[in-house]
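A look at the structure
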Protein chains: 2
Amino acid sequence: MLEKTTRINYLLDFYQELLTPKQRNYMEMYYLEDYSLGEISELFQVSRQAVYDNIKRTETMLESYESKLHLYKKFEKRAEVIEQMEKTVSDSAILKMIDQLKELD
Amino acid sequence: MLEKTTRINYLLDFYQELLTPKQRNYMEMYYLEDYSLGEISELFQVSRQAVYDNIKRTETMLESYESKLHLYKKFEKRAEVIEQMEKTVSDSAILKMIDQLKELD
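Structural notes, computed from the coordinates. Bear in mind the structure is a predicted one, so any value in this text is a computation, not a measurement. (Residues numbered from 1 in each chain as written. Chains lettered and ligands numbered in written order. Predicted model: local features only at pLDDT ≥ 70, side-chain atom pairs only at ≥ 80, totals over all residues. Heavy atoms only, no water.)

Moving on: the overall build of chain A. Secondary structure assignment for chain A yields six helices and zero strands. Along its sequence from the N terminus, chain A presents helices and strands in the succession α-α-α-α-α-α. Each principal axis of the C-alpha distribution contributes one length, and for chain A these read about 60 × 25 × 25 Å. Expressed as a percentage of contacts within chain A between residues at least 6 apart in sequence, the contacts between residues at least 24 apart total 53%. About 6,400 Å² of surface is accessible on chain A, with carbon and sulfur atoms providing 48% of the total. Distance between charge centroids for chain A: 6 Å, based on 15 positive and 20 negative side chains. (Helix = DSSP H or I, 4+ residues; strand = E, 2+ residues; numbered from the N terminus. Contact = heavy atoms within 4.5 Å. Areas by Shrake-Rupley, 256 points an atom, 1.4 Å probe, with all protein chains shown as cover. Lys, Arg positive; Asp, Glu negative; His and termini not counted. Charge placed at Lys NZ, Arg CZ, Asp CG, Glu CD.)

What follows is the structure in structure tokens.
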């Protein structure tokens, strides 16, 4: 479960702009702020099942975006190379550029 | 027009997976293979206006994805830093990593 939560959190980072406000709300509360389905359903005055279905559909959407755009996968690969560079480089001007690259991700 | 074509080509690179097959077909023929609206409409047996409307709607979609995900903008910024690094670095091991980063974009 923890591994799945980490993945969903990353996918949210990359694709949340493509979700509706309601989808974002539910996902943020459930995955980032650790609300339960019951708590979310009470707050929004909808059934627990409706919240659950919305979250499941959103997860499928996020995975579908990732299967098409691979932003998370590419990010991981880039982060790996950038980390390697950082360990190898001693030139402070280059280290500064490496920092710039890290901030762009 | 040339500048716009370049931009649309880049946006297609980043977001074409999010388009329908028909949208991709029209866009590729019009922007990559330089077919005219008339030629595309003849090949697909639809009106010239229908092709035009589809292409315009797709352009709007591409710009909307870019305004949300900024993949092209981030790519340009990364490419700039990577180019700078390449000019500064002389260590061949680091140059190899820079090449890896370029391939990941």
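From this point, the narrative continues.
Taken as a whole and judged by the stated rule, the model has 16 aromatic pairs over all chains. Pairing Tyr10(A) with Tyr72(A) gives two aromatic rings, centres 4.7 Å apart and planes at 20°, and the pair type is stacked. One end of the pair, Tyr10(A), is in helix H1 (residues 2-15); the other, Tyr72(A), is in helix H5 (residues 71-88), with 62 residues separating them in the sequence. Note on Tyr72(A): relative accessible area 9%, which makes it buried. Taken together, a centroid distance of 5.8 Å and an interplanar angle of 20° make the contact between Tyr15(B) and Tyr65(B) stacked. With Tyr15(B) in helix H1 (residues 2-15) and Tyr65(B) in helix H4 (residues 48-69), the pair connects residues that are 50 residues apart, well separated along the chain. Across the pair, exposure class does not vary: Tyr15(B) and Tyr65(B) are buried alike. The structure contains a cluster of three or more aromatic residues connected by ring pairs, namely Tyr10(A), Phe14(A), Tyr15(A), Tyr65(A), Tyr72(A) and Phe75(A). (Phe/Tyr/Trp six-rings, centres within 6.5 Å; stacked < 30°, edge-to-face > 60°. Buried < 20%, exposed > 50% of the residue type's maximum accessible area, 1.4 Å probe, protein only.)

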